[in-house]
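An overview of the molecular structure
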Amino acid sequence: EGDTVNIVYVERDESHVATPLEFSTFQGGSDLLVDAANIAADGSISAAGAPISLLDNCPGVGDRAQVDVSGPDVNIDGTSVAFAMQIGAGETKQIYTVNIDGTGCSRLTDPESAVDGIDIHNFDPAWSPDGDFVVFASTRGGAHPPGLSRRLFLPQSDLWRIRIDGEGLEQMTFLTNSEVSPQFMREGRMIMTTEKVSQGFYQLAGRRINWDLTDYHPLLAQRAESALGDPNDLTALRPSVGYQQ
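Structural notes, computed from the coordinates. (Residues numbered from 1 in each chain as written. Predicted model: local features only at pLDDT ≥ 70, side-chain atom pairs only at ≥ 80, totals over all residues. Heavy atoms only, no water.)

Here we have four strands laid out as an open sheet, ordered S5-S6-S7-S8, and antiparallel in their pairing. Bordering the open sheet on either side are strand S5 (67-74) and strand S8 (106-107), each of which pairs with just one other strand. (Pairing = 2+ DSSP bridges. Helix = DSSP H or I, 4+ residues; strand = E, 2+ residues; numbered from the N terminus.)

All right, on to the side chain of Asp-124 then. Looking at the secondary structure, you find Asp-124 in strand S9 (residues 122-127). This buried residue, Asp-124, is left without a salt bridge; Lys-93 holds the nearest opposite charge, at 8.5 Å. In terms of polar contacts, Asp-124 uses its side chain to reach the backbone amide nitrogen of Ser-181, at 2.9 Å. Here Asp-124 is in contact with Ala-84, Val-135, Phe-136, Ala-137, Val-180, Ser-181 and Pro-182, once residues within four sequence places are set aside. (Buried < 20%, exposed > 50% of the residue type's maximum accessible area, 1.4 Å probe, protein only. Lys, Arg positive; Asp, Glu negative; His and termini not counted. Salt bridge = Lys/Arg side-chain N within 4 Å of Asp/Glu carboxyl O. Polar contact = N/O pair within 3.5 Å; in protein donor to acceptor, adjacent residues only side chain to side chain. Contact = heavy atoms within 4.5 Å.)

What follows deals with the nonpolar core. In this structure, Ile-95, Phe-123, Val-134, Leu-159 and Met-190 are the most contacted members of the largest nonpolar core, which totals 24 residues. Elements represented by at least two residues in this core include exactly strand S6 (80-87), S9, strand S10 (133-138), strand S11 (158-163), strand S13 (179-184), strand S14 (190-198) and strand S15 (201-209). When residues of this core are assigned to their parent elements, the largest contribution, four residues, is made by S10. Setting aside residues no more than four positions away along its own chain, Phe-123 makes contact with Phe-23, Ala-84, Lys-93, Ile-95, Phe-136, Ala-137, Ser-138, Ser-157 and Val-180. Counting 16 residues, the second-largest nonpolar core is a separate cluster that includes Val-8, Val-34, Tyr-96 and Val-98. (Core = buried A, V, L, I, M, F, W, Y, C linked by side-chain atoms within 4.5 Å.)

Further remarks concern the state of the cysteines. Summed over all chains, the structure comprises one disulfide. A disulfide bridge connects Cys-58 with Cys-105, and the sulfur atoms are separated by 2.0 Å. One quick way to see it: the torsion about the S-S bond of Cys-58 and Cys-105 is about 95 degrees, and its sign makes the bridge right-handed. Separated by 47 residues along the polypeptide, Cys-58 in the loop between strand S4 (52-53) and S5 and Cys-105 in the loop between strand S7 (94-99) and S8 bring together distant segments of the chain. (Disulfide = S-S within 2.5 Å.)

Reading across from one edge, S9-S10-S11-S12 is the order of the four strands in this open sheet, with antiparallel pairing throughout. In the strand order of this sheet, the two ends are held by S9 and strand S12 (170-171), each with one partner. Of the pairings in the sheet, the one linking S9 to S10 comprises four bridges and is antiparallel in character. Counterpart to Trp-127 in the pairing with S10 is Val-134.

The structure is reproduced here in structure tokens:
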């Protein structure tokens, strides 16, 4: 009670409603803000002042109507933020970092040319627990050429990691459907949302993987079966853990 904490969030035009899998959809008119909040005895929060933008010193940022920012993640030290930003409809999403006071904004990933008509987006950043790496989703392909997901035919993304100095870029997952929204469990294992697609089956499932890339493992909503015993019958799915996605 009585403490003040910073809250980092994205403010965007309410008309933009792209889903997390529609990450290649440009949604301009957004800003990355930080606001101090007071904590009351019951845990509720209230604004302690006016929010400030963290984009004012970012290279290339001008008209906010031409900025699409998403996925902020605050480093465990509380002093820096990673986020994805697309500066203009003709550009691609890239990973940036900025200090929580708005200084030191810089781009961590570099734009790349489209491959077979698929733009290379980097997005959904997450700090590693030690603060030395940023994990992010990317359409760059890597071990396989950039492609489209098998169900929704949207650009397909895998997870990658990079050191905060821009070195050591490495692919972490190798799928034919999208993995998005990486985050970390307390002891350092990474969790993510994964598209599962097979004949007559589609699901968004939680999965996890160790930092050394071992034990790629189901986590949540991994399976569902047809109550009628027909794997192609999507009208009577019986989720094995109580929900479908």
